[in-house]
Amino acid sequence: MPTPQISWSPLEPQTLAAAAGPVWSVTLLSEATSTNAVAAQNPVPGTVVVADHQTAGRGRLDRSWETPPGTALTFSAVVDPRLDDADWPLLPLAVALAVADGVRRATGLEVGLKWPNDILIGDLKVAGILLERVASASGTPLAVVGIGINVGMAADQLPVPTATSLALAGATADRTAVFSGVTGALAAQLAALRADPAAVLASYRTACTTLGRTVRVDLPDGTSFTGPADDVDDHGRLVVAGRVVGAGDVVHVRATE
Ligand code: BT5
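Report on the accompanying structure. (Residues numbered from 1 in each chain as written. Predicted model: local features only at pLDDT ≥ 70, side-chain atom pairs only at ≥ 80, totals over all residues. Heavy atoms only, no water.)

## A word on the packing of aromatic side chains
Rules: Aromatic pairing here means that ring centres of Phe, Tyr or Trp (its six-membered ring) are within 6.5 Å. Orientation follows from the plane angle: under 30 degrees is stacked, over 60 is edge-to-face, and everything else is tilted. Counting from the N terminus, the helices are the DSSP runs of H or I reaching at least four residues and the strands are the DSSP runs of E reaching at least two. For every residue, the accessible area obtained with a 1.4 Å probe (protein chains only) is divided by the maximum for its type, and the residue is called buried under 20%, exposed over 50%, and partly exposed between those limits. Charge over a ring is defined by NZ of Lys or CZ of Arg lying within 6 Å of the ring centre and within 35 degrees of the ring normal.
This structure, assessed with the given rule, holds 1 aromatic pair. Seen from their ring centres, Phe75 and Phe179 are 5.1 Å apart, and the 85° between their planes marks the pair as edge-to-face. Of the two residues, Phe75 is situated in strand S3 (residues 72-79) and Phe179 in helix H4 (residues 175-195); the sequence distance between them amounts to 104 residues. Judged by its relative accessible area of 0%, Phe179 falls in the buried class. Taking the ring centre of Phe225 as reference, the NZ or CZ of Arg243 above it sits at 3.9 Å.

## What about the site of the ligand?
Put simply, the rule reads: We call a residue near a molecule or strand when any one of its heavy atoms sits within 4 Å of it. Pairing of N or O atoms within 3.5 Å defines a polar contact, subject to two protein rules: one partner must be a possible hydrogen donor and the other a possible acceptor, and residues neighboring in sequence count only if both atoms are side-chain atoms. Throughout this entry, Asp, Glu, Lys and Arg are counted as charged residues, while Ala, Val, Leu, Ile, Met, Phe, Trp, Tyr, Cys and Pro are counted as nonpolar. The remaining residues, Gly among them, count as polar.
Around the ligand lies a shell of 28 residues, among which Ser34, Gln54, Arg58, Arg63 and Lys125 are the nearest. A distance of 2.9 Å separates an oxygen atom of the ligand from a polar atom in the backbone of Arg60. Within the side chain of Arg63, an N or O atom sits 2.7 Å from an oxygen atom of the ligand. Residue classes in the shell around the ligand are distributed as 8 nonpolar, 14 polar and 6 charged.

## Brief notes about helix H3 (residues 91-107)
This is how the line gets drawn: How far a helix is expected to stretch is found by multiplying one less than its residue total by 1.5 Å.
Its 17 residues give H3 an end-to-end C-alpha distance of 24 Å, which sits within 8% of 24 Å, the value for a rise of 1.5 Å per residue. Gly108 occupies a position one or two residues after H3 and carries a positive phi of about 80°.

## Re the side chain of Thr176
Condition: In what follows, a contact means two residues having at least one pair of non-hydrogen atoms within 4.5 Å.
Looking at the element boundaries, Thr176 is found in helix H4. Leaving out residues up to four positions away in the same chain, Thr176 has contacts with Leu11, Thr15, Leu16 and Ala19.

## A few points about the sheet that holds strand S5 (residues 118-121)
Quick note on the threshold: DSSP-based pairing: two strands are paired if at least 2 bridges between them are found. Lines are fitted to the C-alpha atoms to define the axes, a helix being fitted only along its stretch in contact, and any angle between axes, read from their N-to-C directions, falls within 0 to 180 degrees.
The 7 strands are arranged S1-S2-S3-S7-S6-S5-S4 in an open sheet whose pairing can be described as mixed. Where the open sheet ends on each side, the last strands, each with one partner, are strand S1 (25-32) and strand S4 (112-114). Neighbour to neighbour, the strand axes of the sheet diverge by 20° on average, direction disregarded. Sheet topology places strand S6 (residues 124-135) next to strand S7 (residues 141-150); 9 bridges connect them, and they run antiparallel. Directly across from Ile129, in S7, lies its bridge partner Ile147. Contacting S1 and strand S2 (47-54), helix H1 (residues 13-20) runs over the sheet at an angle of about 135° to S1. Set on the sheet, H4 makes contact with S1, S2, S3 and S7; between it and S3 the angle comes to about 25°.

Printed below as a string of structure tokens:
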């Protein structure tokens, strides 16, 4: 892979705040363990915590999210989705659409969405999302939306062989430009989800590159099975060979002939 040619601008609080616009209230930390953990300490809707560097970034299911200093965008937004309980499972899908839209706006790159919310370029992961449900001081259910995007990593900085970066895909946008694209798209997708959950689901079905592929599903109980990914149902669950999968890891095996 070629070495990316990018001139890096440091993250700067006022520039980030301007990039996000008035909808979001942005705090920049030079270093944090995990922006999700910081944001959850005092969750106020509209708050966005950005870390220039995360020292203990978290993935799902106690996995870790690793990013070398200066190469990644790592932030968490606190949102009040104002959704019926039945529509909460659509939130991760709406956030995945937002990351895809935001990356496209900032870089021109088309990314793929692997169910439920991995962001891929080809078969390599360029961004991940960690959603956690928390309660406000008054008890309102809120979501901490954690987003990690590999913006500028060179090949020798990738934490795992299954990762890639926007720079390695040819993008020259810096972290602030990507932040602007994604925070704007996140506000738009959240509004769309509140207004018309079925329309967001329809957009997700169109964008989800898992559909039509053969996948292996690794279930939380340690078992797995393989089959064609046929649909995303109205509750945001993946349907594989007629079986409904609400939680589990999905591996793209090959395109269905
Ligand atoms: C995710 O988990 O993909 C969710 C990642 C969310 C990270 C953001 S950063 C801001 C906020 N604060 C946090 O602490 N977290 C959020 P999961 O699907 O479980 O994927 C984790 C797996 O991806 C790991 O086990 C590695 O195999 C791989 N991985 C780790 N770092 C990676 C990276 N930078 N790029 C691509 N893959 C990575």
